[in-house]
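The residues making up each chain are set out below.
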Amino acid sequence: MPKTPQADAIVLFGGTGDLARRMLLASLYFLDADGFLPEGFRIVATARAAMTRDAFVALTHKTLTDRPEGITDEVWVRFSARLDYVGADATTIEGATRIKTALGGATRPFFYLAISPSLFERVCAALSGAGLATSASRIVLEKPIGRDLETSRHMNTALGEIFDEDQIFRIDHYLGKETVQNLIALRFANTLFEPLWNNLTIDHVQITVAETEGVGERWPYYDEYGALRDMLQNHMLQLLCLVAMEPPADMEPDSVRNEKVKVLRSLRRFTRVEATEKSVRGQYTPGVVIGKTAAGYEAERGQASDTETFVALRADIDNWRWAGVPFFLRTGKRMPEKRTQIAIQFKPVPHSIFGQAANHDLVANRLIIDLQPDEDIRLSLMNKAPGLSQGGMRMQSLPLSLSLLRTYEGAGGRRRIAYERLLLDVIHGDATLFVRRDEVDEAWRWVDGVADAWADAHMTPKPYAAGSWGPQDAFALIARFGRAWSD
Ligand code: BG6
């Protein structure tokens, strides 16, 4: 249950940017449509550009009407009345003071920093200077929080001097995805899985986050981070934590986050020797993705680069539950399809009673959790192949599916933007789905270990053609441990 009072306003820094327009304003609109925004809740967007309130309202209207969902006049009238815009340099006290004026009577605002992390500290200092950093306010930060443990600590310390930890909401938008929360429900609202959720029954886990898009215009940011820091340090480790954590006592923010931190602490550090055995870096070269030719990363970047756009690795969690169970993580840009998936591979039956003919049919159970493009949860089960057969019963594997897409359609249809859940939680002060400072530390500690091991082993990215599933070495990696990617 939320402990802090409801927020009464949001200040959207980077208010004209891509994230604010595509995701945040749209999410706020949908929250309003569903009656979730508190009465009188204000939305103040701010950016450097000088723009009138009317122009910003018109821009927001266009952004929303360009979306496939469309808007209704009734909600728009209510929503647009909440909007305001302040053109200001938010790194100055003068700019922050103008934001304060625009907030009017709102005393419990939250500040959403959809801006470059290089500005976080200066914006927070200006908020403090203008008297806006009160105990009733909160800040929401987008990643990246630093580039490694040292820089993230520096940032967290600087922000911690202005805001208490429970006022800081670090977003990982994957935690707002419906199926990610469904994973928590699946594990802890059923008796079925938990007794099997360990190294006695589970053979290995695969987490794949494949994207068809390339890096494109984002290379100035991406080239400094690469897939390891852009995807693995945050989204993928969060997914791993939710799969691997012990049952928390309740859904209180600290109960859940304590369990996630324990998983991160149990991740085995990479050594130089292990780096070459247990991980692969890749970088896309020209190719064809879904029928369209795509340039290579270096052509987009304009010069040679050692940044990886693909990572595959084996992670090991050194605790009782997971000892000996490999977690294979794989993420890449310019893959053949967009797919975010967690696959829990169970062990095969210890002995087949069905005779030789069925031996080839028997496939171990697998639980597939699809996050994107469609959300679904499927459990593959062996059953008898219909009809008659000679030489004993024949088997087939069929999925038992939750058909989430149909369930959502039945419940009103619209697939929510992940940010809706997260924004609503900030409004209510519920930090369960946000990343605590020590989680960030532990995730960086492990990722720094991987990056250091790569550097020690002089591992440069292997080329892969855009539109392929990464370098051949990624297949060799998982084969080395006797498994295959679940494609
Ligand atoms: C972002 C990364 O955090 O997540 C991007 O910076 C990536 O590089 C994006 O494309 C993926 O998000 P989603 O929700 O489309 O899987």
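1. Quick look at helix α9 (residues 253-266)
Then step 1. The terminal C-alpha atoms of α9, which comprises 14 residues, lie 20 Å apart, in line with the 20 Å expected from a rise of 1.5 Å per residue.
Then step 2. A large share of α9 lies buried, amounting to 10 of its 14 residues.
Then step 3. Those residues of α9 that sit buried are P253, S255, V256, R257, E259, K260, V261, V263, L264 and S266.
Then step 4. Lining the buried residues of α9 we find α8 (219-244) and α15 (437-456).

2. Describing helix α1 (residues 18-33)
Then step 1. Compared with the 22 Å implied by 1.5 Å per residue over 16 residues, the 22 Å span of α1 between its first and last C-alpha is a close match.
Then step 2. Bending of α1 peaks at approximately 30° at the position of L24.
Then step 3. Buried residues of α1: A20, L24, L25, A26, S27, L28, Y29, F30, L31 and D32, and no others.

3. Here we look at the site of the ligand
Then step 1. With respect to spatial proximity, the complete set of residues near the ligand consists of K143, H173, Y174, K177, E211, R218, D230, M231, H235, K333, K338 and Q372.
Then step 2. One of the side-chain N or O atoms of E211 is found 2.4 Å from an oxygen atom in the ligand.
Then step 3. Take R218: an N or O atom from its side chain is 2.8 Å from an oxygen atom of the ligand.
Then step 4. If you tally residues by element for the shell around the ligand, the top one is α8, at 3 residues.
Then step 5. Each residue belonging to the shell around the ligand can be placed in one class, and the counts come to 2 nonpolar, 3 polar and 7 charged.

4. Here we look at the domain arrangement of the chain
Think of interface size as the accessible area that goes away when the parts come together; that is how it is often given.
Then step 1. Parsing the chain into structural domains produces domain 1 (9-142) and domain 2 (175-479).
Then step 2. Spacing between the C-alpha centres of domain 1 and domain 2 amounts to 33 Å.
Then step 3. The interface is formed by 21 residues belonging to domain 1 together with 11 residues belonging to domain 2.
Then step 4. When the buried area of domain 1 at its contact with domain 2 is split by residue, S27, L31 and R138 rank highest and sum to 31% of it.
Then step 5. Our enumeration of links across domain 1 and domain 2 arrives at 1 salt bridge.
Then step 6. The salt bridge partner of R416 is D34, with a shortest N-O separation of 2.6 Å.

Cut-offs used in this document
- Residues numbered from 1 in each chain as written.
- Predicted model: local features only at pLDDT ≥ 70, side-chain atom pairs only at ≥ 80, totals over all residues.
- Heavy atoms only, no water.
- Helix = DSSP H or I, 4+ residues; strand = E, 2+ residues; numbered from the N terminus.
- Expected span 1.5 Å × (residues − 1).
- Buried < 20%, exposed > 50% of the residue type's maximum accessible area, 1.4 Å probe, protein only.
- Contact = heavy atoms within 4.5 Å.
- Bend = angle between axes of the 7 residues up to and from the residue.
- Near = heavy atom within 4 Å.
- Polar contact = N/O pair within 3.5 Å; in protein donor to acceptor, adjacent residues only side chain to side chain.
- Nonpolar A, V, L, I, M, F, W, Y, C, P; charged D, E, K, R; others polar.
- Domains from an automatic or database assignment.
- Buried area = accessible area lost by both parts, 1.4 Å probe.
- Salt bridge = Lys/Arg side-chain N within 4 Å of Asp/Glu carboxyl O.

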